[in-house]
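# Overview (structure and organization)
Residues per chain are reported as follows:
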Amino acid sequence: MLPDSKCRDIITGWQPGIPGFCHPGHIGFSVGASRVRYATLQVHWINPLRRTGMTDSSGMALYLTPNLREFNLSHLRIGDISFSVPPKEKSFSLTANCASACTAKHLTGPINVYQGFDHMHYTGREIKLTLKPQGTGPERTLWNNPFFSFQTTVFHKMENPVQIRPGDSLHTTCNYNTESRNKTTFFGQRATDEMCFAFLQFYPAENALQTGCTSEAGLPQCQVRDSNAVIDGCRMSFTSSPDLEVMKKFLKDNCNPLQCLKECINVVKAIRKHPCFRKENIRKLIEERLVQMNLFESLAHFHSCDVEIAKEEAMCQGIQASPSVKSTRCLCNKRPYLRWIQ
């Protein structure tokens, strides 16, 4: 969302429903050589009919004072930057996580949140922000907006500033209604795309090394982008590890992208037991990286037996299978290499 890679902080913003406001007298954004030296204004217009000849005179007034505030202010962005919402859904929810590991890494001390606001787009219906203190403390709802509207932004002002400490976690739960849509809606900056963000205004700014604490498909971004991190047993350096080379070789030697080979099924099953392929969200992350590496053939091999494995798992779990899968052999209690032995 930031217009320039050099712009690390959001001073202020506007969206439909936000009135003008002034911060309390003891906090403000510091401007000068040691803080904000220049600013960039990013504007989004919505013109679905692609009309021409239109002009816009809107703007924003920022007020400066020579009287320094006691504390410097900043924004903390909580949300998810990689998700999709299926069409024809009356109620579809997802949760974005600012993980304990991320606040422990990016906060050098406690911060005090005094207000904030939500941000989704046209299909957003409800959004809730919760805080879970590190340890055994109870989870706390900072705000819940059950009647979200893109045209009417609500500012949530804390009765008393809420303190967030290193090691605490925050969770933003967003709910969408896509009954009017025929195609999947993806995360993006267009109003016809979707977002799931909560923006928190906090002080002192110096206690936060980063102003974004987001997730990718529910996975902590601070760990996803750290090659030394391990998420649920999957090392984020997997795509540059020997494990990947072994996987590629086994898939190439045993699979055909155009048909499911019997010997391929056991190879795929073994790979699915790897920590980087056990959980769907981690697997999708790894597969996105494989796409970026142009390993399309390996991905085609890996997915060549999806249907056969799904049919088998349905039968093994006692789920009624369709007549078309009667010939599928289901030897769940035998070791994988005995699967095709009577």
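Residues numbered from 1 in each chain as written. Predicted model: local features only at pLDDT ≥ 70, side-chain atom pairs only at ≥ 80, totals over all residues. Heavy atoms only, no water.

### Some points on the overall build of the chain
Which entries qualify depends on this criterion: Strands here are runs of E lasting at least two residues and helices are runs of H or I lasting at least four, both read from the DSSP assignment and numbered beginning at the N terminus. Burial here depends on accessible area, computed with a 1.4 Å probe over protein chains only, as a share of the maximum for the residue type. Under 20% is buried, over 50% is exposed, and the range in between is partly exposed. The contact definition used throughout considers only heavy atoms, calling two residues in contact when any of these lie within 4.5 Å. Exposure was quantified through the Shrake-Rupley algorithm and a 1.4 Å probe, taking into account, for residues, occlusion by the shown protein chains and nothing else.
A count of helices and strands for the chain gives 8 helices and 16 strands. Across the 342 residues in the chain, those meeting the buried criterion constitute 39%. Considering only contacts in the chain between residues 6 or more positions apart, those separated by 24 or more positions represent 77%. Working note: accessible area of the chain is about 20100 Å², and carbon and sulfur atoms make up 52% of it.

### Regarding the state of the cysteines
The condition is simple: Here, two cysteine sulfur atoms that lie within 2.5 Å of each other are counted as a disulfide.
Throughout the structure, instances matching the rule amount to 6 disulfides. Note that Cys 174 is cross-linked by a disulfide to Cys 196, the S-S spacing being 2.0 Å. In this structure the cystine formed by Cys 174 and Cys 196 twists about its S-S bond by roughly 85°; its chirality is therefore right-handed. You can see Cys 174 sitting in strand β10 (residues 169-176) and its partner Cys 196 sitting in the loop between β11 (185-186) and β12 (197-203), a full 22 residues away along the chain. Both residues of the pair, Cys 174 and Cys 196, belong to the buried class. Paired through a disulfide, Cys 234 and Cys 276 show a sulfur-sulfur distance of 2.0 Å. Judged by the sign of its S-S torsion, about 95°, the cystine formed by Cys 234 and Cys 276 is right-handed. Of this pair, Cys 234 sits in strand β16 (residues 234-235) while Cys 276 sits in helix α5 (residues 275-278), and the two are 42 residues apart along the sequence. For the pair shown, Cys 234 and Cys 276 are each scored as buried.

### A closer look at the packing of aromatic side chains
How we decide: Planes of paired rings set the category: under 30 degrees apart is stacked, over 60 is edge-to-face and the rest tilted, where pairs are Phe, Tyr or Trp rings (Trp by its six-membered ring) whose centres lie within 6.5 Å.
This structure, assessed with the given rule, holds 10 aromatic pairs. Ring centres of Phe 117 and Phe 155 lie 5.2 Å apart, and the angle between their planes is 45°; on these two criteria the pair is classed as tilted. Taken together, the positions of Phe 117 in strand β6 (residues 111-119) and Phe 155 in strand β9 (residues 155-164) put the pair 38 residues apart, joining distant regions of the chain. Here Tyr 122 and Phe 150 contribute two aromatic rings whose centre-to-centre distance is 4.8 Å and whose plane-to-plane angle is 70°, an arrangement assigned as edge-to-face.

### Overview of the pairing of strand β13 (residues 212-216)
Within a regular strand, the side chains alternate between the two sheet faces. Rules: Any two strands between which DSSP finds at least two bridges are classified as paired.
Counted residue by residue, β13 has 5 buried out of 5 residues, so it is predominantly covered. Of the strand pairs in this sheet, strand β3 (residues 74-80) and β13 are connected by 4 bridges, and their pairing is parallel. By the bridge assignment, Asp 80 is partnered in β13 with Ser 215.

### Brief notes about a nonpolar patch on the surface
Short version of the rule: Here a patch means residues that are over 30% exposed by relative accessible area and free of salt bridges, tied together within 9 Å if like-charged and within 5 Å if nonpolar (Val, Leu, Ile, Met, Phe, Trp, Tyr). We define a salt bridge as a side-chain nitrogen of Lys or Arg found within 4 Å of a carboxyl oxygen belonging to Asp or Glu.
Taken together, the side chains of Trp 14, Leu 41, Val 43, Trp 45, Met 60 and Leu 62 make up a nonpolar region of the molecular surface, amounting to roughly 730 Å² of accessible area. As for its placement among the helices and strands, Trp 14 is situated in the segment before β1 (27-28). The class of Trp 14 is exposed, set by a relative accessible area of 58%.

### Remarks on the side chain of Thr 153
The topology assignment puts Thr 153 in the loop between β8 (140-145) and β9. Exposure remark for Thr 153: the relative accessible area of 7% places this residue in the buried category. If near-sequence neighbours (up to four positions away) are discounted, Thr 153 is found in contact with Gln 15, Pro 16, Gly 17, Ile 18, Phe 117 and Asp 118.

### Overview of the sheet that holds β3
As summarised here, the arrangement of the 6 strands in space is β9-β6-β12-β3-β13-β14, forming an open sheet in which the pairing is mixed. Each having just a single partner strand, β9 and β14 (219-220) make up the two edges of the open sheet. In this sheet, β9 lies alongside β6 in antiparallel orientation, the contact comprising 6 bridges. Directly across from Asn 112, in β9, lies its bridge partner Gln 163.

### What to know about the pattern of salt bridges
This structure, assessed with the given rule, holds 10 salt bridges. The residue Arg 225 makes a salt bridge to Glu 216 at a minimum N-O spacing of 3.0 Å. A relative accessible area of 62% means that Arg 225 is categorised as exposed. On the accessibility criterion, Glu 216 (13% relative accessible area) is buried.

### Focus: the sheet that holds β8
Applicable threshold: Whenever a helix is involved, its axis is fitted only over the stretch in contact; in every case the axis is a line through C-alpha atoms, and angles between N-to-C directions fall within 0 to 180 degrees.
Pairing is antiparallel across the open sheet formed by 4 strands, whose spatial order is β5-β10-β7-β8. The open sheet has two edge strands, β5 (92-98) and β8, and neither has a second partner. Strand-to-strand twist of the sheet, defined as the mean angle between neighbouring strand axes without regard to direction, takes the value 15°. The sheet contact formed by strand β7 (residues 124-132) and β8 spans 5 bridges and is antiparallel. Bridging across to β8, Lys 128 finds its partner in Asn 144.

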